[in-house]
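Structural description and commentary
Listed below, chain by chain, are the residues.
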Amino acid sequence: MSKDTAKSILNSNGKFPGHKLSLKEKKQKLYHYTSFETFVKIWLTKQLRFSAPEGVNDMMELSESIHPSSENVWMIFAYKDLRSKYKQISLSMNYDSYIQGCMSAMMWGHYGDKRRGVCIEFDYAKMPLNPKDMFHAPVKYKNVLHKDIYLSNDLKTITDIENYIITHRQEIFFTKQIDWKGENEYRIISKKLDYLDISNAITAVYLTSSESTECILVEKLVNRTIPVKQVFYTNQSGMCIPIISKLKTEDRRAEISKSKDKSYYISTIQQAESLYQQMLSETNRSTSQEK
């Protein structure tokens, strides 16, 4: 055992580095890193947006070689069209019994607006993961990806190709190159939904500074309905380890009306509320047309 892993430290967050978790334990809480502005939209709408496959950060994911039989070249176009309809939401799981999904310095840097953003915590059990509307699973990471899609002569129709995608969804949607292992990703895939309702699933919000403007505004926005916490790194026994602390500064902060950032706060909230009203109007109009 190396010197880095030989030590264990006990603090208010538990025993570091802790023990490995089962998949069930890992996904009990899921995490989404985002910018402050996007958090405001998510909080007010209580929805997570599914992203188009073109937006994935791994260039290998869409580097598929499609091999139809010589007389069925049309399958290439059918596969690509059907594949493109599946959108995704990417979340992180807990890493082990000490390192929670909100504690990843890499994730804060890549997806948390260079640690100026927000990490949202969700209760997996309260997320509406309806199997009729979506697939969801942890991503598996491999040293070498095999991205050949073989469409045999047994596939005669577009429906057959759709069923092929469903049957091979693990390889198509839930497998990434080992370089991305640190994301510890749990992925939700759907071709039916544009947004996932997370109204009852948010259990906490994390930021990296308790004194930042973003933290002040987040506290005002959530209005004590959920905990707002700070993630930071500290040196204990010669080791730099992450810590989560409850904010203790809320009561002594000046009212937002006295803040130099009042106009920024009002502008951001107004924009988000306007977006929500627009989305609500579009949803109602779509529902009326369906009836």
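Before reading further, recall that the structure is shown in the block above.
Computed from a predicted model, the values in this text were never measured in an experiment. (Residues numbered from 1 in each chain as written. Predicted model: local features only at pLDDT ≥ 70, side-chain atom pairs only at ≥ 80, totals over all residues. Heavy atoms only, no water.)

**Regarding the pattern of salt bridges**
- Under the definition given, this model contains eight salt bridges.
- Where Glu 162 meets Lys 191, a salt bridge forms, and the shortest distance between an N and an O atom there is 3.1 Å. Within this pair, whereas Glu 162 is found in helix α6 (residues 158-167), its partner Lys 191 is found in the loop between β12 (185-190) and β13 (195-197), the two being separated by 29 residues in sequence.
- Its relative accessible area of 39% is what places Lys 191 among the partly exposed residues.
- For Glu 185, the salt bridge identified is with Lys 176, shortest N-O distance 3.7 Å. Here Glu 185 matches Lys 176 in class, with each residue buried.
- Bridged by salt links that share partners, the residues Lys 176, Glu 183, Glu 185 and Arg 187 form one connected network. (Salt bridge = Lys/Arg side-chain N within 4 Å of Asp/Glu carboxyl O. Helix = DSSP H or I, 4+ residues; strand = E, 2+ residues; numbered from the N terminus. Buried < 20%, exposed > 50% of the residue type's maximum accessible area, 1.4 Å probe, protein only.)

**Side note on the environment of His 110**
- Within the secondary structure layout, His 110 lies in helix α5 (residues 105-111).
- With relative accessibility at 59%, the residue His 110 sits in the exposed group.
- The spatial distance from the C-alpha of His 110 to the C-alpha of Thr 34 is 9.4 Å, given a sequence separation of 76 residues.

**Considerations on helix α3 (residues 36-45)**
- Among all positions of α3, only Phe 36, Phe 39, Val 40, Ile 42, Trp 43 and Thr 45 are buried.
- Backbone geometry just after α3 places Lys 46 at a positive phi near 55 degrees.

**Quick look at the packing of α3 against helix α8 (residues 213-222)**
- The N-to-C vectors of α3 and α8 enclose an angle of 5 degrees; their axes lie 11 Å apart at closest approach. As summarised for this structure, α3 and α8 are arranged roughly parallel, according to the angle between their axes. Residues Phe 36, Phe 39, Val 40, Trp 43 and Leu 44 of α3 pack against Glu 214, Leu 217, Val 218, Leu 221 and Val 222 of α8.
- Residues belonging to the contact of α3 with α8 are distributed by class as follows: nine nonpolar, no polar and one charged. (Axes fitted to C-alpha atoms, helices over the stretch in contact; angles between N-to-C directions. Parallel < 35°, antiparallel > 145°, perpendicular 65-115°, else oblique. Contact = heavy atoms within 4.5 Å. Nonpolar A, V, L, I, M, F, W, Y, C, P; charged D, E, K, R; others polar.)

**Quick look at the packing of aromatic side chains**
- Overall, the coordinates contain eight aromatic pairs when judged by the stated rule.
- Look at Phe 16 and Tyr 98: their rings are 5.2 Å apart centre to centre, the planes differ by 85 degrees, and that puts the pair in the edge-to-face class. With Phe 16 in strand β2 (residues 14-16) and Tyr 98 in the loop between β6 (87-92) and α5, this pair connects stretches of sequence that are 82 residues apart.
- Judged by its relative accessible area of 12%, Phe 16 is buried.
- Aromatic side chains Phe 173 and Phe 174 sit 6.5 Å apart centroid to centroid with 75 degrees between the ring planes, which places their arrangement in the edge-to-face category. (Phe/Tyr/Trp six-rings, centres within 6.5 Å; stacked < 30°, edge-to-face > 60°.)

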